[in-house]
Amino acid sequence: MSAGAPSPTEQERDARDLRRGTRINLLGYALRLLYPLLTGVVVVLYGRHEFGLFVTAQAALLVTLRVCLAGLDKAVLWWVPRQPEGEERRGLAGALLWVLCGSTLAAAAVAAFGAPWLAAWSGDPAAAAPLRWMALGLVPMALMELLVHACLGRRRLEAQVFVKEGLGAVALPAAGALLYLAGVREGGLAWGFVFANVAALAGAAWLFRRSFPAAAPADAGWSVPRPLVRYALPMGLMELLNSALLRLDVLVVAALTDPGTVGVWGVVVQLGNAVRSVRAAFDPLVLAIVSQIHVRPDAARLRAAFSRATALVLATQAPIYAFLIAFVPWLLPLLGEGYDAAATPVLVLCAFWVLHGAFGLHGLIVLGYGRSGLAAANVGATLGAEALLLLLLVPPFGLVGAALAVGLAFTMQNALWTLQSRRLTGDWPYEPALRPLLLALAAAAGAMALAWLVAWPAGEATARVGAFGAFLLTAVVGWLRLRQEAPHHALL
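Residues numbered from 1 in each chain as written. Predicted model: local features only at pLDDT ≥ 70, side-chain atom pairs only at ≥ 80, totals over all residues. Heavy atoms only, no water.

Asks: I'm lost on the overall build of the chain in this one. Help?
Replies: The helix and strand tally for the chain stands at 15 helices and zero strands. What you see for the chain is a C-alpha radius of gyration of 23 Å, in line with the 23 Å of a compact globule of 492 residues. In terms of principal-axis extent, the alpha carbons of the chain reach across some 65 × 60 × 45 Å. Relative to its full complement of 492 residues, the chain shows a buried share of 49%. For the chain, restricting intrachain contacts to residue pairs at least 6 apart in sequence, the fraction spanning at least 24 positions comes to 84%. Carbon and sulfur atoms make up 69% of the accessible area of the chain, which totals about 21,900 Å². One way to put it: in the chain the 36 positive side-chain charges average out to a point 6 Å from where the 27 negative ones average out. (Helix = DSSP H or I, 4+ residues; strand = E, 2+ residues; numbered from the N terminus. Rg over C-alpha atoms; globule rule 2.2 N^0.38 Å. Buried < 20%, exposed > 50% of the residue type's maximum accessible area, 1.4 Å probe, protein only. Contact = heavy atoms within 4.5 Å. Areas by Shrake-Rupley, 256 points an atom, 1.4 Å probe, with all protein chains shown as cover. Lys, Arg positive; Asp, Glu negative; His and termini not counted. Charge placed at Lys NZ, Arg CZ, Asp CG, Glu CD.)

Now the structure itself:
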């Protein structure tokens, strides 16, 4: 890889897009908060039985979605940034045709075979009809996923936040509630699923037209380029393994404990996702940048973009984790009796997710360099490690053991990503400008601990509020000082 100085235009564009992505993600948190609130309304309106059938059907469709996409959604995110200017649409028509045919066949199979199975499993013959209706939504959902990832390849992060998470996710319970209030009491959630995915597809198509130039004659073919297929198939396997990995902890905790403990662990996972999702929100943008850099190698540009992404992730995660340390023991009892037991597991798991935010970005270098097969192997290794650790640690340590098992398994994965990215690039992708930021965050953590100790004799409430305030004050002062000392090189 060339060690020459990066093009100022390219580096400035990377910095501008990363900062813009941070602002869009912050706006997206409002949508993410709406989803659980609207879901609660839907549960009250439809009742646990019908909502449970809907969730079961939706889970089956989401697994089916991974199969019929065959990794093409993730592949186009890698593929689009690598194309020459004006040829960004090359191969996308063929990928869309493939997904259209695959999702149509999958929807027909779900309607013909999945719906009767759901009715037999639930003991309710009426349960078959909603799944048949929901199968209609599989086709627009699959096409929407492909178009969204194509737009993400053009660095249009609003495709993820406003189209997929807004129209696709939040609109689902909203449509279900409106249909119920309009008198559609049976199948309202199923039709809400269909309407939400059709709306999301329309939004994705509109954004796609705005994000891509008009197709050149060479882009109009219906074939899928072989490099795109070679990248997609391991990505499809990785997505299936990831689906299993995301559910493994719940299954093992359910097998080794009781339903009440599983409910508490569900709260641990949800709070952990508040920290983990910060890193995940940057993944599409960082992958698009790294993929483009791989086509036109530039070591200095990679260091600049990677360091900036790392800084933005850590600067977003750190205040969230500090808030959880300070206040999670107050918040959990509000959920009901027994949920205070989630406090220590939440803090243990989130500490690992902060490490995941710092080092998991190395996985995007591996993916951006086209090594999707290596990525699938890493996820498979993580799945095996997590299963073993859960079986070893949950019986003696309970939910703390589960948090340790999940965190240690992903730490192993991060170590693999880091070593592999180092081998692929031949260097560590960090700039010296990242060091002052890390020192500022360390100083904020130290100030929080000191304020806690000093204020504890005045009472628990004073200590918690004072400690969090000390963290924020120190972090803000440190950031302002960094901006004054190096305004043109600051990563935030």
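Asks: Before we go on, may I ask you to explain the side chain of Arg279 in this structure?
Replies: Relative to the elements of secondary structure, Arg279 occurs in helix H9 (residues 259-295). Not counting residues up to four positions away in its chain, the partners in contact with Arg279 are Val313, Gln317, His356, Gly357, Gly360 and Leu361.

Asks: Got a minute to help me understand the packing of helix H2 (residues 72-79) against helix H5 (residues 138-153) in this structure?
Replies: When two helices pack together, their arrangement is given by the angle between their axes and by how far apart the axes lie. As a packed pair, H2 and H5 sit with axes 7 Å apart at the nearest point and diverge in direction by 20°. For the element pair H2 / H5, the angle class is roughly parallel. Seen along the crossing, H2 lies across H5 with a hand that is right-handed. On H5, the residues that touch Leu72, Asp73, Lys74, Val76 and Leu77 of H2 are Glu145, Leu146, His149, Ala150, Leu152 and Gly153. Residue composition of the contact of H2 with H5, by class: six nonpolar, two polar and three charged. (Axes fitted to C-alpha atoms, helices over the stretch in contact; angles between N-to-C directions. Parallel < 35°, antiparallel > 145°, perpendicular 65-115°, else oblique. Left-handed = near helix turned anticlockwise from the far one by under 90°. Nonpolar A, V, L, I, M, F, W, Y, C, P; charged D, E, K, R; others polar.)

Asks: How should I be thinking about the packing of H2 against helix H8 (residues 226-256) in this particular structure?
Replies: Running from N to C, H2 and H8 cross one another at 130°; their axes reach a closest spacing of 7 Å. It follows from the interaxial angle that H2 and H8 lie oblique. As H2 runs across H8, the sense of the crossing is right-handed. Residues Leu72, Lys74, Ala75, Val76, Trp78 and Trp79 of H2 lie in contact with H8, whose contacting residues are Pro227, Leu228, Tyr231, Ala232, Met235 and Glu239.

Asks: Can you help me understand the layout of surface pockets in this one?
Replies: The rolling of a water-molecule-sized probe over the atoms marks out the regions of remaining empty space. Estimated volume of the second largest pocket: approximately 470 Å³. In terms of lining residues, the second largest pocket is bounded by 20 residues, among which Leu314, Val354, Leu438, Leu441 and Ala442 are the most central. Secondary-structure elements contributing two or more residues to the lining of the second largest pocket are helix H10 (299-331), helix H11 (343-359) and helix H14 (434-455). Take the lining of the second largest pocket: its biggest share by element is seven residues, from H14. (1 Å grid on protein atoms, 1.4 Å probe; cavity = no way out; pocket = protein on both sides within 12 Å on 5 of 7 lines; lining within 4 Å. Points joined across faces, edges and corners; volume = space filled by probe spheres on them.)

Asks: How do you make sense of the confidence of the model for the chain when you look at a structure like this?
Replies: For residues with low pLDDT, the predicted coordinates do not support detailed interpretation. With 94% of its residues at a pLDDT of 70 or more, the chain shows a mean pLDDT of 87. Scored below 50 in pLDDT, residues 1-6 shows 17 contacts in the model against residues more than four places distant or in partner chains. (pLDDT = per-residue confidence, 0-100.)

Asks: I'm lost on the pattern of salt bridges in this one. Help?
Replies: Close approach of charged atoms allows side chains with opposite charge to pair. Applying the stated rule across the entire model yields 14 salt bridges. Here Asp283 ties to Arg279 by a salt bridge, and the two come within 2.8 Å at their closest N and O atoms. Taken as a pair, Asp283 and Arg279 lie in helix H9 at a separation of four residues, close to a single helical turn. Here Asp283 falls in the buried class, since its relative accessible area comes to 18%. What makes Arg279 buried here is its relative accessible area of 8%. The residue Glu460 makes a salt bridge to Arg464 at a minimum N-O spacing of 2.8 Å. You can see Glu460 and its partner Arg464 sitting in helix H15 (residues 460-485), four residues apart, about one turn around the helix. Arg464 sits in the buried class, given a relative accessible area of 8%. (Salt bridge = Lys/Arg side-chain N within 4 Å of Asp/Glu carboxyl O.)

Asks: Explanation requested: the state of the cysteines in the structure shown.
Replies: Two cysteines form a disulfide when their sulfur atoms are joined by a covalent bond. The tally for this structure, following the rule as stated, stands at zero disulfides. Here Cys151 stays unpaired: no disulfide links it, and the sulfur of Cys68, its closest cysteine neighbor, is 19 Å away. (Disulfide = S-S within 2.5 Å.)

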